[in-house]
Amino acid sequence: MRIVVVNSGEPIYRQIEQQVARAVLAGELRDGDPLPSIRQLARDLRVSVITTTRAYTELEQHGFITTVPGKGCFARKPDPAQAHDQLRGEVNGHLREAVAAARLAGMSAADLVGMLERVLREDDHG
Amino acid sequence: MADALRVMGLCKSYPGFALTEVSFSLPEGYIMGFVGRNGAGKTTTIKCVLDMLARDGGHIEVLGHDAIDDQVTVKQDLGVVFDQPFYPPEWKVAQVGQALRPFYARWDEALFHRHIDRFGLPAGKRVRELSRGMGMKLMLAAALSHHARLLILDEPTSGLDPVARDDVLDVLADLISGGGVSVLFSTHITADLERIADYITFIDAGRVVFTGAKDDLADAYRMIHGGPGQATDQVRRRAIGLRSTEVGFSALVRSADRAGLPPGITDQAPSIDDVLIHIARQGDAR
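Conventions and cut-offs
Residues numbered from 1 in each chain as written. Chains lettered and ligands numbered in written order. Predicted model: local features only at pLDDT ≥ 70, side-chain atom pairs only at ≥ 80, totals over all residues. Heavy atoms only, no water. Helix = DSSP H or I, 4+ residues; strand = E, 2+ residues; numbered from the N terminus. Rg over C-alpha atoms; globule rule 2.2 N^0.38 Å. Buried < 20%, exposed > 50% of the residue type's maximum accessible area, 1.4 Å probe, protein only. Contact = heavy atoms within 4.5 Å. Lys, Arg positive; Asp, Glu negative; His and termini not counted. Charge placed at Lys NZ, Arg CZ, Asp CG, Glu CD. Buried area = accessible area lost by both parts, 1.4 Å probe. Salt bridge = Lys/Arg side-chain N within 4 Å of Asp/Glu carboxyl O. Polar contact = N/O pair within 3.5 Å; in protein donor to acceptor, adjacent residues only side chain to side chain. Nonpolar A, V, L, I, M, F, W, Y, C, P; charged D, E, K, R; others polar. Axes fitted to C-alpha atoms, helices over the stretch in contact; angles between N-to-C directions. Parallel < 35°, antiparallel > 145°, perpendicular 65-115°, else oblique. Left-handed = near helix turned anticlockwise from the far one by under 90°. Pairing = 2+ DSSP bridges. Domains from an automatic or database assignment. Phe/Tyr/Trp six-rings, centres within 6.5 Å; stacked < 30°, edge-to-face > 60°. 1 Å grid on protein atoms, 1.4 Å probe; cavity = no way out; pocket = protein on both sides within 12 Å on 5 of 7 lines; lining within 4 Å. Points joined across faces, edges and corners; volume = space filled by probe spheres on them.

Across its full length, chain B holds 11 helices and 14 strands. Taken over the C-alpha trace, chain B has a radius of gyration of 21 Å; the compact-globule value for 286 residues is 19 Å, and the two agree within 12%. For chain B, buried positions account for 52% of its 286 residues. Within chain B, counting contacts between residues at least 6 apart in sequence, those at least 24 apart form 69% of the total. Taking the 31 positively charged and 37 negatively charged side chains of chain B as two groups, their mean positions are separated by 3 Å.

Take a look at the structure:
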């Protein structure tokens, strides 16, 4: 599995979490596939152990991995409904953040919707 | 979770400088960055932990033992790396191992040779002929060869070029992956800690400003930026280490204060340097 950490302002634990979650959803990681241990992953990515622990904790809470004490961490195929809810929840969270930022910036609802439509168009083309 | 190092209410004063009630703890198996500018008290704290300086007050525990009273036990578990090797300059690399061996119950000569190989240290070279990076690696090799469980590194990367610093970070990342070793790493090059450190203790003018998980440090503060007209009194009252120019201003604020600021001010998560610089600047201004 490929995990890349960049300095994007996005917290590192979330970058790891999202990439593992995507690998599971895309079927790149199959049910029961072993994942690197928390400490091994911290070493490989050169990030702190707390960061990888947090990423794995969130992944486990969201049902993408399971931890077997003494054995390690394994990918887990979430049931489709759960995966869908999870992604919807993420979208909702990001939208809330966008709305909060838009209010701070004094943007109108129309401005915000316009911006969303533009981003969607750019994404379709990209 | 057991603590590898626990410093409680440490006090030490010299004419013109005082370490005041310094307290922090490092859980076993993690890396703590010990940061602050030169003269903040990092080395004084470390020397008190190692009993190279007599403290005026406070209590220090290493892996559950009193660092001063149980010193003989504690030293077996402790590895120390300074910015310069503390071995006689005429010693050869291999002799360092032979000389240290009698002092450590768990000394592992074969492991020492594996480490000096891995670090590319020529066994026949003399200590005085080693570059800074090599000298540092020699101390690290020695610390690892008696199976130290707590490593204390005082400014290990300060004299190193970027490639050598990167090597050191690799070694530390390797060590931590086993889970049995803890590291206290003092430095003013915070870029080294930005990713690898689990905990940060930040000290300024002999007092602890922050100690805790690194992510909590980033969560506790925000860096704000705005235009020249936006540095109102309301902003100024909350700003820490305000820097204003003709084209704008930047400052650190507590995250709790962020919400109350006027619209149009942008904010972002601070780097460790941002926090360190702004808090130190605020302290100087007082």
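Moving on to the interface of chain A and chain B. Taken together, the contact between chain A and chain B spans 13 residues of the former and 22 residues of the latter. Across the interface of chain A and chain B, roughly 1,500 Å² is buried in total on both sides, 48% from carbon and sulfur atoms. The largest contributions to the chain A side of the interface with chain B come from A:Arg39, A:Arg46 and A:Ile50, which together make up 46% of the buried area. Joining chain A to chain B, the criterion identifies 4 salt bridges. B:Asp170 is the partner of A:Arg46 in a salt bridge, and the nearest nitrogen-oxygen pair spans 3.0 Å. At the junction of chain A with chain B, the criterion picks out 10 residue pairs in polar contact (both at pLDDT 80 or more). Elements represented by at least two residues in the side of chain A that touches chain B include exactly α2 (38–45) and α3 (49–61) of chain A. When residues of the side of chain A that touches chain B are assigned to their parent elements, the largest contribution, 4 residues, is made by α3(A). Here the residues of the side of chain A that touches chain B are counted per class, giving 7 nonpolar, 2 polar and 4 charged.

Time to look at the packing of helix α4 (residues 109–118) of chain B against helix α5 (residues 132–145) of chain B. Residue and element names in this part refer to chain B. In the contact formed by α4 and α5, the axes pass within 9 Å of each other and the chain directions differ by 150°. On the basis of the axis angle, α4 is roughly antiparallel to α5. Here α4 runs over α5; the crossing is right-handed. Contacts from Leu111, Phe112, His115 and Ile116 of α4 reach α5 at Leu138, Ala141, Ala142, Leu144 and Ser145.

This paragraph deals with the pairing of strand β11 (residues 221–226) of chain B. Residue and element names in this part refer to chain B. Sheet analysis places β11 next to strand β13 (residues 248–254), joined by 6 bridges and oriented antiparallel. Bridged to arginine 222 within β13 is valine 253. The pairing of β11 with strand β14 (residues 266–268) spans 3 bridges and is classified as antiparallel. Looking at the pairing, methionine 223 lines up with glutamine 268 of β14.

Residue and element names in this part refer to chain B. As for its position among the elements, aspartate 108 is in the loop between α3 (93–100) and α4. The spacing of aspartate 108 and glycine 97 is 11 residues in sequence and 9.2 Å in space, taken between C-alpha atoms. Every residue in contact with aspartate 108, bar those within four places of it in the chain, is listed here: Ser145 and His147. One polar contact links the side chain of aspartate 108 to the main-chain amide nitrogen of alanine 110, over a distance of 3.3 Å. Polar contacts involving the side chain of aspartate 108 include one to the main-chain amide nitrogen of leucine 111, which spans 3.1 Å.

What follows is about the domain arrangement of chain A. Residue and element names in this part refer to chain A. Taken domain by domain, chain A consists of domain 1 (12–75) and domain 2 (80–125). Each of domain 1 and domain 2 has a C-alpha centre, and these two points are 26 Å apart. Of the residues lining the interface, 5 residues belong to domain 1; the matching set on domain 2 comes to 6 residues. Three residues, Gln18, Leu25 and His62, lead the burial of domain 1 against domain 2; their summed loss comes to 62% of the area buried on that side. Counting every contact that joins domain 1 to domain 2 gives 0 salt bridges. Between the two partners, domain 1 and domain 2, sit 0 residue pairs in polar contact (both at pLDDT 80 or more). Tallied by class, the residues present in the side of domain 1 that touches domain 2 amount to 2 nonpolar, 3 polar and no charged.

Residue and element names in this part refer to chain B. For the coordinates displayed, the defined rule picks out 8 aromatic pairs over all chains. Taking the centre distance of 5.4 Å and the plane angle of 40° together, the rings of phenylalanine 24 and phenylalanine 34 count as tilted. Of this pair, phenylalanine 24 sits in strand β2 (residues 17–27) while phenylalanine 34 sits in strand β3 (residues 31–35), placing them 10 residues apart in sequence. Across the pair, phenylalanine 34 and phenylalanine 24 agree in class, each one buried. Considering the side-chain rings of tyrosine 87 and tryptophan 91, the 6.5 Å spacing of their centres and the 15° angle between planes classify their relative orientation as stacked. The class of tyrosine 87 is buried, set by a relative accessible area of 8%.

Considered as a void within the structure, the largest pocket measures approximately 1,200 Å³ in volume. Looking at the lining of the largest pocket, the element that brings in the most residues is helix α8 (residues 214–220) of chain B, giving 5 residues. Residue composition of the lining of the largest pocket, by class: 15 nonpolar, 10 polar and 12 charged. Viewed by domain, the lining of the largest pocket spans two of them, domain 1 (12–75) and domain 2 (80–125) of chain A, each represented by three or more residues. Considering only enclosed or pocket space, the second largest pocket measures out at about 420 Å³ in volume. Around the second largest pocket, the lining comprises 17 residues; the ones closest to its centre are B:Lys75, B:Leu78, B:Val80, B:Phe86 and B:Tyr104. The set of elements that each furnish at least two residues to the lining of the second largest pocket consists of α2 (71–77), β6 (78–81) and α5 of chain B. In the lining of the second largest pocket, the residues fall into 13 nonpolar, 3 polar and 1 charged.

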